[in-house]
Amino acid sequence: MTWDITGMAALANIGASPQEIFAALCAGQESRTPLKAFAPEKYRAAYAYEIDDRPKGGGDIPRRATRWLTAVVRQAAVDAGLGEDLSQVPVLVGTTMREQRSLELWWRDDADVALEHLHFGTALKAAFGASTTYTFANACSATLYALGLATDMIEAGMTDTVVVAGTDAATESGFGTLDRVQNDIPDALRPFDATHKGMLMGEGAAAVVVQRAGTGSGPVHARVRGVSMSCDAHHATAPDPDGISRAVLDAYRRAGVRARDIDLVMLHGSGTPLNDTTESSVLRRIFGGAAPGPRMTAIKAMTGHTLGGSGLLSLLMAVLAMKERTVPPVLGLTDPIPEAAGLGLVQSTPVSGDLAIAQIDAFGFGGINAVAIVEAAR
């Protein structure tokens, strides 16, 4: 069984639509900026990948994550020909922090934040009449978890259409925690490069409309072949090679594909030494006999780590890569780590080629793993 992706939307620090973001990735221009959200003198990290929509005079405003969420849901729904009435359409939201930044502003600055506004469902009901909404806080895998649940709902006959979305704004507590627990502090997020030191936060939102095959009224952007979800609970922060391997192979089983069928891998690529080493080692083992192997890229080098929405944002970039037959490079990748030797990491400039099937990786703290397989719609 496959499921049609009929609507897409995204925004990040490098663009306000999937197409703008993809073009920026292909252009490969540095996108990190000096930290603006919080007082930089309090932290070792001096950079982030923030969306530039805060007041010009400085300071922060509440409910940015909610505003981005409603924007991408609206754009994806319109793209799919649904309009803005989602009263009969389930909306599944993946996130890491929810509206934690708003709570911080309320506590610190007495910002006007009502309790009901900390729940995304309130805004979705007000904007679209959405009566069935669920929020999943599954760390960095949240939106691919939501995607898997969307396909399950359709397959179970509960609905023909689901909106899947994700959103996260940088929070001071999250930024501060990373600033203190990472051994080295990066000045840029550099996945799989020997200079990698850790992750830096990004901000953004993404949404897709997923429909039972053949039931949509408009064009199909791509098709979901299968989604694997697991939690190996191996360690609070360290990824487990066996847990990730099981997630990847289960995604293949669900999608009815083999390693040699994969043309493109959108890597989780968080830029942390543990993640990059583990993900590289797993993929070397899986693709060892699938020469020449798929092309691979990691978008967090330009978007930063967009947390709960990162998996879905990578999926949208995979869809556009297949449409454009172009894979954007990993920004700043000049000296790959030894564990990545032999992998088809795209460096320096975009690479062209026929791309039919893509794998999207998302791995979160606590061993929360998700892998999606999508197919070009041609």
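The present account deals with the structure reproduced in this document. Only a predicted model underlies this, so the values are computations on that prediction, with no experimental measurement involved.

Side note on the sheet that holds strand β12 (residues 344-345)
In space, the eleven strands of this open sheet follow the order β5-β4-β6-β7-β1-β8-β15-β14-β9-β10-β12, with mixed pairing throughout. Pairing within the sheet leaves two strands with one partner each, and these edge strands are β5 (133-136) and β12.

Comments concerning the packing of helix α7 (residues 241-255) against helix α8 (residues 273-286)
At a minimum axis distance of 10 Å, the contact between α7 and α8 shows a crossing angle of 50°. Taken as axis vectors, α7 and α8 run oblique relative to one another. At the point where α7 passes α8, the crossing takes the right-handed sense. Taken together, the residues of α8 that come into contact with α7 (itself represented by Pro-241, Asp-242, Ile-244, Ser-245, Val-248 and Tyr-252) are Thr-278, Val-282, Arg-285 and Ile-286.

What to know about unusual backbone geometry
Positive phi outside glycine occurs at Phe-192, with the angle close to 65°. Of the residues examined, Phe-192 reaches a relative accessible area of 1% and is grouped as buried. Phi at Arg-325 is positive, roughly 55°, even though this residue is not glycine. Take Arg-325: it is sitting in the loop between α10 (310-324) and β11 (326-327).

About the criteria used
Residues numbered from 1 in each chain as written. Predicted model: local features only at pLDDT ≥ 70, side-chain atom pairs only at ≥ 80, totals over all residues. Heavy atoms only, no water. Pairing = 2+ DSSP bridges. Helix = DSSP H or I, 4+ residues; strand = E, 2+ residues; numbered from the N terminus. Axes fitted to C-alpha atoms, helices over the stretch in contact; angles between N-to-C directions. Parallel < 35°, antiparallel > 145°, perpendicular 65-115°, else oblique. Left-handed = near helix turned anticlockwise from the far one by under 90°. Contact = heavy atoms within 4.5 Å. Buried < 20%, exposed > 50% of the residue type's maximum accessible area, 1.4 Å probe, protein only.

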